[in-house]
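In case you want the letters, here they are:
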Amino acid sequence: MEFVLNEYHRNTPDEDLIEDLKRVAGIHQKPSITQKEYSQYGKYASRTIVLRFGSWNEALKRAGLELERGHLKKHLFCESDDDFFEDVRAVAAQLGRNYVSIEEYAKYGKYSHGSKVKKYKSWDAIMFASGLESTPFRTGPNQKYSDEELFQEIERVWIKLGRQPLATDFNRKEFNYGRNTFLRRFGGWRKALEAFVEYINADRTEDDGLTQHQTVLQEEKQQEQKGIHHRTKREVNLRMRFKVMARDSFKCCICGRSPSSTPGLVLHIDHIKPWSKGGETVMENLQTLCQDCNLGKSDLE
């Protein structure tokens, strides 16, 4: 069972974005609009427009609208890559480090960074081009998120929503980590999803249940003593768990409830034929159950 991401329209012409800005300004009947005002009626995410044109004011300028007051100095558009890199180095020097995060540059830098991130594909690429080091992915001093932890977070939100997570779900506070954590690690939200799907679809037999002799658990040994010989581990890993839940549409196979329809509902992976009775940890023997139904099923066994 393989997964593919939803279709992504990444090549929307600049003209379409500009025309939609004008349309929304007409709805508001104002000579200038904020990103919040655009988000009320716009077809596209305001961040998409900022990344495309380098800043919100640059987009307004292209659309023939008035600029937002008080923001122009902070969001100057920089034509020269060299001037931009020089300013990035200046901010790093100001902070006393050999790197600067994208949030820090947005706070202290002279120029808008959106168009440069689009051009160089990631903020880390800009760090390299500026002669600086990669930005650490930190949870605290000297700590880093692993790819596995980030994939687990994508999986958690995907299961909770019952659909592919969108970048706008960060605005709804669905994620425990900030969007920039994923952008810095993978170079974009779409790329983060692609890395997650590649990880889920990876043919990693050793992780998908096959027992290795040197890592046989005590519980497995006890099963063997009872005459039950397993070829799989009891534990269901992230890959298989996600595949089973996706196959079952992220719903309980008994009551049909899901986390998206019942907030706070917890889904479990259940062995249809109990592992203790010889059932294996394979797709055909696994099903999605909510916590209540899984408990009820255990009571009957």
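Keep in mind it's a predicted model, so treat the numbers as computed, not measured. (Residues numbered from 1 in each chain as written. Predicted model: local features only at pLDDT ≥ 70, side-chain atom pairs only at ≥ 80, totals over all residues. Heavy atoms only, no water.)

## Some thoughts on the environment of Pro13
Item 1. Among the secondary structure elements, Pro13 is positioned in the segment before helix 1 (14–28).
Item 2. Given the relative accessible area of 38%, Pro13 is considered partly exposed.
Item 3. As a C-alpha pair, Pro13 and Arg52 span 39 residues in sequence and 9.9 Å in three-dimensional space. (Helix = DSSP H or I, 4+ residues; strand = E, 2+ residues; numbered from the N terminus. Buried < 20%, exposed > 50% of the residue type's maximum accessible area, 1.4 Å probe, protein only.)

## Considerations on the packing of helix 9 (residues 147–161) against helix 13 (residues 238–247)
Item 1. As a packed pair, helix 9 and helix 13 sit with axes 11 Å apart at the nearest point and diverge in direction by 15 degrees. As far as their axial angle goes, helix 13 and helix 9 are roughly parallel. In the packing of helix 9 onto helix 13, the handedness of the crossing is left-handed. Residue-level contacts link Glu148, Phe151, Gln152, Glu155, Trp158 and Ile159 of helix 9 to Leu238, Arg241, Phe242 and Met245 of helix 13. (Axes fitted to C-alpha atoms, helices over the stretch in contact; angles between N-to-C directions. Parallel < 35°, antiparallel > 145°, perpendicular 65-115°, else oblique. Left-handed = near helix turned anticlockwise from the far one by under 90°. Contact = heavy atoms within 4.5 Å.)

## Thoughts on the packing of aromatic side chains
Item 1. Taken as a whole and assessed by the stated rule, the structure comprises 18 aromatic pairs.
Item 2. Here the aromatic rings of Phe196 and Phe242 are separated by 5.1 Å at their centres, their planes lie at 85 degrees, and the arrangement is edge-to-face. Note that Phe196 is positioned in helix 11 (residues 189–201) and Phe242 in helix 13, a separation of 46 residues in sequence. Each member of the pair Phe196 and Phe242 is classed as buried.
Item 3. Feature note: the residues Phe151, Trp158, Phe186, Phe196, Tyr199, Phe242 and Phe250 constitute an aromatic cluster, connected by ring pairs.
Item 4. We note Arg239 situated over the ring of Tyr199; from NZ or CZ to the ring centre the distance is 3.9 Å. (Phe/Tyr/Trp six-rings, centres within 6.5 Å; stacked < 30°, edge-to-face > 60°. Lys NZ or Arg CZ within 6 Å of the ring centre and 35° of its normal.)

## Regarding the confidence of the model for the protein chain
Item 1. Residues of the protein chain with pLDDT of at least 70 account for 81%, and the chain-wide mean is 80.
Item 2. The least confident element of the protein chain is helix 12 (residues 218–225), whose mean pLDDT is 56; the most confident is strand 2 (residues 286–290), at 94.
Item 3. Throughout residues 138–142 the model reports pLDDT below 50, and contacts reaching past four residues in sequence, or to other chains, amount to 4 contacts.
Item 4. Considering only residues more than four positions removed or in separate chains, one finds that residues 205–217, a stretch of pLDDT under 50, has 23 contacts. (pLDDT = per-residue confidence, 0-100.)

## Quick word on the pairing of strand 1 (residues 267–271)
Item 1. Burial runs high along strand 1: 4 of the 5 residues are buried.
Item 2. Of the pairings in the sheet, the one linking strand 1 to strand 2 comprises 5 bridges and is antiparallel in character. Of the residues in strand 2, the one forming a bridge with Ile269 is Thr288. (Pairing = 2+ DSSP bridges.)

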